[in-house]
2 protein chains.
Amino acid sequence: MSKELVFGHKSPDTDAIVAAMAYAYLQSKLGYDVEAVALGEPNMETSFVLKHFGVAAPRVVKTVSNEVDSVMLVDHNEPQQSADDIDKVTVTHVVDHHRINGFNTAAPLYYRAEPVGCVSTIITNMFAENKIDIPAQLAGLMLSAIISDTLLLKSPTTTDKDREAVKALAQIADVDYQSYGIEMLKAGTNLSAKSDAE
Amino acid sequence: MSKELVFGHKSPDTDAIVAAMAYAYLQSKLGYDVEAVALGEPNMETSFVLKHFGVAAPRVVKTVSNEVDSVMLVDHNEPQQSADDIDKVTVTHVVDHHRINGFNTAAPLYYRAEPVGCVSTIITNMFAENKIDIPAQLAGLMLSAIISDTLLLKSPTTTDKDREAVKALAQIADVDYQSYGIEMLKAGTNLSAKSDAE
Ligand SMILES: [Mn+2]
Ligand SMILES: [Mn+2]
Ligand SMILES: [Mn+2]
Ligand SMILES: [Mn+2]
């Protein structure tokens, strides 16, 4: 099995970056040779999250066909949101929570989508289905992605599965998700910097 | 939650009919109001299977928007293989093992595809994930679908997951899958009738 890259959409948000890291970790445990990368630099919120849990940002790539023949997508499926040369590689796996639009394949693939608030919620359940433990640090990142996508479980896209995942991940990461969540969302909107400027 | 219809592709094979019945059973256990239907009459093989396990064929429909607002697809995703008025309803769930082609949605949905030999293999695993028992009669039907799609585990699309599902289902159904499988495939090709005619 040759190496595959795992990545989220362009202009990555916290879920796009974290879900790639989480899915790459899960797939490596299942025997795949994978590396999580990103199609852009982390935004302010994601930088805060990575720093908080002491994790390095994934390598940024613009194209993928110069490195690999096949890839795994998280948090997107639409070609225009993906790598510039996505048409030159085979997509073998997708984990997503968006509508399917313009995504066509030449061959069968693994595709997992659920109408939930965050891809990291789906991946949390996939760890359980495969009976693989989530390391505390990774749980902290995945918790952050759900807080980001659901605005601390307050967005209309939030489901019971997101709420359950947040509780489970907060316990593994040993984080008070309410206070951490507010701090994290503030870092993303850079409220403090704005207040300084205003 | 309003009622939804569950169905496989036009010119249904055994998997298209059986997977609809199996997924409808699973979804009903998960709280959905669903009915398995078919986009055509059972072929010779499927008729043999239904008769063997004493199960009535699902109701045949040509259109669905006259009955329901939303539907669940099994064993296909391409609109031209689906109900004639598939564009007039919302697809909420798909379970499939084919490439994705021309399938677009307006909203997020549940989509589960795996590159395995048969949809009934995927549904077998979904029963386990949801800790729901498969009734013996239904296990016999699902076993038949896998035998049909994989030509008794001999097609190049056969995976270890299909082999494991066949063993598990044969045990639940209390069927010797080798001898039953040959009998079933013969009924489908109507070898006996051909021999008579030749
Ligand atoms: Mn995103
Ligand atoms: Mn997301
Ligand atoms: Mn079929
Ligand atoms: Mn099939």
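Residues numbered from 1 in each chain as written. Chains lettered and ligands numbered in written order. Predicted model: local features only at pLDDT ≥ 70, side-chain atom pairs only at ≥ 80, totals over all residues. Heavy atoms only, no water.

Participant: I keep staring at the coordination of the manganese ion (ligand 3) and nothing clicks. Help me out?
Facilitator: Angles between donor atoms at a metal ideally measure 109.5 degrees for a four-coordinate tetrahedral arrangement and either 90 or 180 degrees for a six-coordinate octahedral one. All names here are of chain B. The manganese ion (ligand 3) binds to the protein through His-9 (NE2), Asp-13 (OD), Asp-13 (OD) and Asp-75 (OD), with metal-donor distances spanning 2.1 to 2.7 Å. Separating the manganese ion (ligand 3) from the manganese ion (ligand 4) is a gap of 3.6 Å, bridged by Asp-75, which donates to each. Highlighted residues: His-9 in the loop between β1 (4–7) and α1 (14–29) and Asp-75 in the loop between β4 (70–74) and β5 (90–96), separated in sequence by 66 residues. Comparing His-9 with Asp-75, the two get one shared label, buried. (Donors = N, O, S within 2.8 Å, 3.2 Å for Na, K, Ca; no water. Helix = DSSP H or I, 4+ residues; strand = E, 2+ residues; numbered from the N terminus. Buried < 20%, exposed > 50% of the residue type's maximum accessible area, 1.4 Å probe, protein only.)

Participant: How should I be thinking about the pairing of strand β4 (residues 70–74) of chain A in this particular structure?
Facilitator: If a strand is regular, its side chains alternate between the two faces of the sheet. Residues and elements named next belong to chain A. The buried count for β4 comes to five of five residues, which makes it a mostly enclosed element. Burial of β4 is two-sided: the residues Ser-70, Met-72 and Val-74 facing one way and the residues Val-71 and Leu-73 facing the other way are all buried. Where strand β1 (residues 4–7) and β4 come together, three bridges link them in parallel fashion. What sits directly across from Val-6, in β4, is Met-72. For β4 and strand β5 (residues 90–96), the ladder comprises five bridges, and the chain directions are parallel. Directly across from Val-71, in β5, lies its bridge partner Val-91. (Pairing = 2+ DSSP bridges.)

Participant: Teacher, can you tell me more about the side chain of Thr-92 of chain B here?
Facilitator: Here Thr-92 of chain B shows up in strand β5. A distance of 2.6 Å separates a polar atom in the side chain of Thr-92 of chain B from a polar atom in the side chain of Glu-4 of chain B. (Polar contact = N/O pair within 3.5 Å; in protein donor to acceptor, adjacent residues only side chain to side chain.)

Participant: Looking at this structure, I do not really get the UniProt feature "binding site: Mn(2+) 1" (unreviewed entry) in chain A. What am I missing?
Facilitator: Residue and element names in this part refer to chain A. Cross-referencing UniProt, the feature "binding site: Mn(2+) 1" (unreviewed entry) maps to His-9, Asp-13 and Asp-75 in the present numbering. The annotated residues occupy 67 residues of the chain but converge on a single region, no pair of C-alpha atoms lying more than 9.5 Å apart. Relative to the assigned elements, Asp-13 resides in the loop between β1 and α1 (14–29). Judged by its relative accessible area of 22%, Asp-13 falls in the partly exposed class. Beyond its immediate stretch of four places on either side in the chain, Asp-13 contacts Asn-43, Thr-46, Asp-75 and Asp-149. When its relative accessible area of 1% is taken as the criterion, Asp-75 is described as buried. (UniProt positions renumbered as here; feature names shortened; annotations may be inferred. Contact = heavy atoms within 4.5 Å.)

Participant: Please clarify how the environment of Gly-8 of chain A should be interpreted in this entry.
Facilitator: Residues and elements named next belong to chain A. Within the secondary structure layout, Gly-8 lies in the loop between β1 and α1. By relative accessible area, Gly-8 is classed as buried at 3%. Between the alpha carbons of Gly-8 and Val-89 there is a distance of 15 Å; along the sequence they are 81 residues apart. The contacts of Gly-8, once residues within four sequence positions are left out, are Ala-16, Ala-20, Leu-39, Val-74 and His-76.

Participant: Is there a simple way to explain the environment of Leu-26 of chain B in this structure?
Facilitator: Residues and elements named next belong to chain B. Mapped onto the elements, Leu-26 comes out in helix α1. Take Leu-26: its relative accessible area is 0%, and that puts it in the buried class. Linking Leu-26 and Phe-127, residues 101 residues apart in sequence, is a C-alpha distance of 6.8 Å. In contact with Leu-26, other than residues within four places in its own chain, are Met-126, Phe-127, Asn-130 and Ile-132.

Participant: How should the interface of chain B and chain A be read in this particular structure?
Facilitator: How large an interface is tends to be reported as the accessible area lost when its parts come together. Counting residues at the interface gives 20 residues for chain B and 20 residues for chain A. Between chain B and chain A lies a buried interface of about 1,700 Å² when both sides are counted; carbon and sulfur atoms form 55% of it. It is Arg-99, Ile-100 and Tyr-111 of chain B in chain B that bury the most area against chain A; as a group they hold 29% of the surface buried on that side. Where chain B meets chain A, there are zero salt bridges. The interface formed by chain B and chain A includes eight residue pairs in polar contact (both at pLDDT 80 or more). Looking at the side of chain B that touches chain A element by element, the count peaks at four residues for strand β6 (residues 110–113) of chain B. (Buried area = accessible area lost by both parts, 1.4 Å probe. Salt bridge = Lys/Arg side-chain N within 4 Å of Asp/Glu carboxyl O.)

Participant: Even after reading the chapter, I still don't get the packing of helix α4 (residues 136–150) of chain A against helix α5 (residues 160–173) of chain A, so can you show me in this structure?
Facilitator: Each pair of packed helices can be summarised by the angle the axes make with each other and by the distance between the axes. Residue and element names in this part refer to chain A. It is at 8 Å that the axes of α4 and α5 come closest, and there the two elements cross at 145°. Taken as a pair, α4 and α5 cross one another with a handedness that is left-handed. Contact residues: α4 offers Ala-136, Ala-139, Gly-140, Met-142, Leu-143, Ile-146 and Thr-150, while α5 offers Asp-162, Ala-165, Val-166, Leu-169, Ala-170, Ile-172 and Ala-173. Of the residues assigned to the contact of α4 with α5, the class counts are 11 nonpolar, two polar and one charged. (Axes fitted to C-alpha atoms, helices over the stretch in contact; angles between N-to-C directions. Left-handed = near helix turned anticlockwise from the far one by under 90°. Nonpolar A, V, L, I, M, F, W, Y, C, P; charged D, E, K, R; others polar.)

Participant: Looking at this structure, how should I read the relation of the copies chain B and chain A?
Facilitator: Both copies of the chain are tied together by a single rotation about an axis and a shift running along it. The two copies are related by a screw operation: chain B maps onto chain A through 180° of rotation and 0.0 Å of translation along the axis, at an RMSD of 0.0 Å. Both copies of the chain, as the preceding transformation shows, are related through a two-fold rotation axis. When each C-alpha of chain B is compared by its distance to the rotation axis, Arg-112 of chain B comes out closest, at 2.4 Å. (Least-squares fit on C-alpha atoms with pLDDT ≥ 70 in both.)

Participant: Got a minute to help me understand the coordination of the manganese ion (ligand 1) in this structure?
Facilitator: Residues and elements named next belong to chain A. Protein-derived ligands of the manganese ion (ligand 1) are His-9 (NE2), Asp-13 (OD), Asp-13 (OD) and Asp-75 (OD), with the metal-ligand distances lying across 2.1 to 2.7 Å. Spacing between the donor residues of the manganese ion (ligand 1) along the chain follows H-x3-D-x61-D. For the pair the manganese ion (ligand 1) and the manganese ion (ligand 2), the metal-to-metal distance amounts to 3.6 Å, and Asp-75 bridges them. Taken as a pair, Asp-13 in the loop between β1 and α1 and Asp-75 in the loop between β4 and β5 lie far apart in primary sequence, 62 residues in all.

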